[in-house]
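Spelled out, the chains give:
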Amino acid sequence: MRVIKDKKIVDDEWSVIRDLDDAAPVPDGDVILPFHYWQANRETLLKQASKHAVWINGDTDVEDLISDLEHFSMIALDFPVFKDGRCYSHARLLKDRYDYKGDLRAIGDVLRDQLFFMHRCGIDSFQIREDKDAEDALNAFNDFTVRYQAAADDAVPIYKLR
Amino acid sequence: MYKYDNYDQTIVNERVAQFRDQTERFLAGKLTEDEFRPLRLMNGLYVQRYAPMLRVAIPYGLLSSEQLRMLAHISRKYDKNYAHFSTRQNVQYNWPALETVPDILADLASVEMHAIQTSGNDIRNTTSDQFAGIAQDELDDPRPYCEIIRQWSTFHPEFSFLPRKFKIAVSGATHDRAAVKVHDIGLYLVKNDAGEIGFNVIVGGGLGRTPFIGPSIRPFLQKQDLLSYLEAILRVYNRYGRRDNMYRARIKILVNDLGKEEFTRQVEAEWLQIKDGVMKLDQKEIDRVKGFFTAPDYDASAAEDKSFAAEQESNKSFSNWAKRNLFPHKVAGYKAVVVSLKAPGVAPGDATDEQMDHIADLADKYSFGEIVVTHDQNLVLPNVKQADLFVLWEKLLEKNLATANIGLLTDMICCPGLDFCALANAGSIPIAKQINDKFNDIDYLHDIGDIKIKMSGCMNACGHHHVGHIGILGVRKKDEEFYQLTLGGSSESDACLGERLGPSIAKAEVADVIGKLLDVYVEQRQEEERFLDTFRRVGITPFKDRVYPKKPVKEKAHASN
Ligand code: HEM
Ligand code: SF4
């Protein structure tokens, strides 16, 4: 699928599986699985596949993922509607506190005007909503050159530069 | 006051460019109404009953004369020659055209102003004491902390899509003039046993449908920990605040649902993780920001003036005004002057372009070029020499700005209500007019003394009715405007919610009912008691009995014949 990564549009192999019964067989390919499926099939998945990715949303307690972080090459954060801001905190916790090194991806209602914030919270890649122009979304990263506060990017509180 | 440097200016300039682009995309159909809404809301742009409404931030209420002139200019160029000062020390324009908003923002940016986060589910303008920096009862100036909070909260990447809006107030005085306990977070500057200054942290106050007076969750927080602690509170709220029901989404509901103890535990646990990191404030930064709020060049001989006393002796109108509209200053020979925006016949909090220009000129001439917006919707000239008061009063009179009613019955708080607001049940401005028409005898008003009437046109409580000594809430009954009264509320240090008087009353009767309440007060008051004190002593019953007299049984039987 086409995603924005490192401020460029790239194609990558990952696809999101939204609904998956815990009893269903492990899907083929590079798939982003619902976290509950991972929890239910952890041992099988660890044996069968080499790369793992899961998606969570605001309802998930990030603390539940912590012990498995090393297994995930990607964690996708789902924004069912862009106004649901819980995953901004999830992103910061995963990056700042739990030192997650893999790819953090925004999926769902991901729109240009939130990218600046998402990026600052540590989200690395963005699957822009299908009907929106991803090229156009790239402009979002240039909206602001000054950042007042520290976050998951490398910004320090601006006063330290004054 | 705080001056922008390159960083601050760049941010507001970039914001203007961003919003111009967003507006163009919306007008070109590339953004849907639903997608544009949160973007315009983050810029204070609502769509109201007749037109968009633009809310401009006035950080902690402080304006320079140049900024006030710009507000006047904007009202002239893009609106209908007036603006409305709100209970959150902001200013609102009721009639701008959407296409012109980017230009308005550019004009604002040219005087270090903006409309960032004046609406939307984000951290709003931090409010404070209108007498900050000059009050005699002040422990420490709250404004530097407000400015530090302003910068931290501006475009905070994690907290721009909160469950609901988020309001912070800071007070540094013993007497709370900033309604601190009815904010999402309220901060009181306090001193601990070691003599250090820090914050008493209140969380979960708020009005609206489910009003709460906020509890203190930490009686003393070191200044260096201000931002990390705020960040911890916001993170707990952002993660766990309800999002399923807009009316249950404020932090007050979370605090109440979890209980103060559990909420505090979660905040403290989060805080422990971040308190010693990059969020810790440098004392150097606190000192730097404090450096913007130094005292102006006061005249050391100001107190020697004799004319002020003499003019009061000889001029009754002036002395009435001096009695009500001046506030004691920490420097001898100076006063803070409250410019009343509550003249009879004017919507409370409204000022015309001419009035704004006039006040800006007076501020330059008599008050070191600064003006403060109060949370009861008046303006303050904070630093006036007593020798200048008489001329200043005369000049204020010229533009209908010297109504001697501060703190009195007609100094009402009033939301826009049905005249402008799409959510309103009932009018508030017409009730303000009704009250002004009935109580137009200045001697009577002075005799009644301190009383706070607060009015909202619906339960969203923009007019703070729950915490009015007399609260008036607009409700709707069979498609007619009715009003629910409450008594005994307060938003000050003794904050509490008002008690319901009884069934709601018809529109035409509001002022008459207030007259009855005042009669009870006048009959019952002792010595120096204010309305609120008398109410607290005698309780609601005598007031109830007067407004809703129990009809004798016989008469009732007769009436039903
Ligand atoms: C006409 C446009 C306005 C609209 C649509 C509007 C809407 C609202 C709504 C929906 C709420 C409730 C939010 C909640 O409880 O979560 C609210 C609260 C509030 N509004 Fe307004 N408002 C308007 C104008 C004003 C004005 C002019 C003022 C100042 C005079 C104001 C001051 C406030 C304050 C102080 C609150 C907070 C009450 C609380 O703590 O819950 N609003 N407003
Ligand atoms: S209290 Fe209600 S009527 Fe008044 S401004 Fe607020 S939302 Fe509108």
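Residues numbered from 1 in each chain as written. Chains lettered and ligands numbered in written order. Predicted model: local features only at pLDDT ≥ 70, side-chain atom pairs only at ≥ 80, totals over all residues. Heavy atoms only, no water.

Caption draft 1: Region of the structure containing the coordination of the iron atom of ligand 1. No other protein atom reaches the iron atom of ligand 1 as a donor apart from B:C462 (SG), found 2.2 Å away. Of note, B:C462 is situated in the loop between strand 17 (453-456) and strand 18 (470-477). (Donors = N, O, S within 2.8 Å, 3.2 Å for Na, K, Ca; no water. Helix = DSSP H or I, 4+ residues; strand = E, 2+ residues; numbered from the N terminus.)

Caption draft 2: Looking closely at the packing of aromatic side chains. Evaluation of the coordinates by the stated rule reveals 30 aromatic pairs over all chains. Members of the aromatic cluster, connected to one another through ring pairs, are A:F79, A:F82, A:Y88, A:F116, A:F117, A:F144, B:F155 and B:F161. The side chain of A:R18 reaches across the aromatic face of A:W55, ending 5.3 Å from its centre. For B:R209, the ring lying beneath its charged end belongs to B:Y247, and the centroid distance is 3.5 Å. (Phe/Tyr/Trp six-rings, centres within 6.5 Å; stacked < 30°, edge-to-face > 60°. Lys NZ or Arg CZ within 6 Å of the ring centre and 35° of its normal.)

Caption draft 3: Highlighting the packing of helix 3 (residues 65-78) of chain B against helix 4 (residues 101-109) of chain B. Residue and element names in this part refer to chain B. At a minimum axis separation of 10 Å, helix 3 and helix 4 run at an interaxial angle of 160°. As summarised for this structure, helix 3 and helix 4 are arranged roughly antiparallel, according to the angle between their axes. At the point where helix 3 passes helix 4, the crossing takes the right-handed sense. On the side of helix 3, the interface is formed by M70, L71, H73, I74 and Y78, while helix 4 contributes D103, I104, D107 and L108. The residue makeup of the contact of helix 3 with helix 4, split by class, is six nonpolar, one polar and two charged. (Axes fitted to C-alpha atoms, helices over the stretch in contact; angles between N-to-C directions. Parallel < 35°, antiparallel > 145°, perpendicular 65-115°, else oblique. Left-handed = near helix turned anticlockwise from the far one by under 90°. Contact = heavy atoms within 4.5 Å. Nonpolar A, V, L, I, M, F, W, Y, C, P; charged D, E, K, R; others polar.)

Caption draft 4: Representation of the sheet that holds strand 1 (residues 2-5) of chain A within the structure. Residue and element names in this part refer to chain A. One open sheet holds the eight strands; their spatial order is 2-1-8-7-6-5-4-3, and the pairing between them is mixed. Pairing within the sheet leaves two strands with one partner each, and these edge strands are strand 2 (8-11) and strand 3 (15-16). The pairing of strand 1 with strand 2 spans four bridges and is classified as antiparallel. By the bridge assignment, I4 is partnered in strand 2 with I9. Most of the contacts of helix 2 (residues 86-97) go to strand 6 (residues 72-79), to which it runs at about 160°, and overall it touches strand 5 (52-56), strand 6 and strand 7 (103-108). (Pairing = 2+ DSSP bridges.)

Caption draft 5: Structural detail: the domain arrangement of chain B. All names here are of chain B. Segmentation of chain B into domains returns domain 1 (6-109), domain 2 (127-289), domain 3 (306-398) and domain 4 (430-552). Put simply, the middle of domain 3 and the middle of domain 4, counted by C-alpha atoms, are 28 Å apart. With nine residues of domain 3 at the contact, the number on the domain 4 side is 11 residues. Considering only the side of domain 3, the residues that lose the most area to domain 4 are N320, R324 and H375, jointly responsible for 54% of the buried surface there. Linking domain 3 with domain 4 are three salt bridges, by the criterion used here. When the shortest N-O distance is used, the salt bridge between K452 and D376 registers 3.6 Å. (Domains from an automatic or database assignment. Buried area = accessible area lost by both parts, 1.4 Å probe. Salt bridge = Lys/Arg side-chain N within 4 Å of Asp/Glu carboxyl O.)

Caption draft 6: Representation of unusual backbone geometry in the model. In this structure, A:D99 is a non-glycine residue whose phi angle is positive, near 60°. Relative to the helices and strands, A:D99 is located in the loop between helix 2 and strand 7. Here A:D99 falls in the partly exposed class, since its relative accessible area comes to 47%. With phi around 60°, B:E112 is a residue other than glycine that occupies positive phi space. (Buried < 20%, exposed > 50% of the residue type's maximum accessible area, 1.4 Å probe, protein only.)

Caption draft 7: Representation of the pattern of salt bridges within the structure. Inspection of the entire model under this criterion finds 74 salt bridges over all chains. Of the charged contacts, one joins B:K280 and B:D276 as a salt bridge, the two residues approaching to 3.2 Å between their closest N and O atoms. Classification of B:K280 as partly exposed rests on a relative accessible area of 31%. Each of A:R92, A:D96, A:R97, B:E158, B:E231, B:R235 and B:E270 takes part in one network of salt bridges that share partners.

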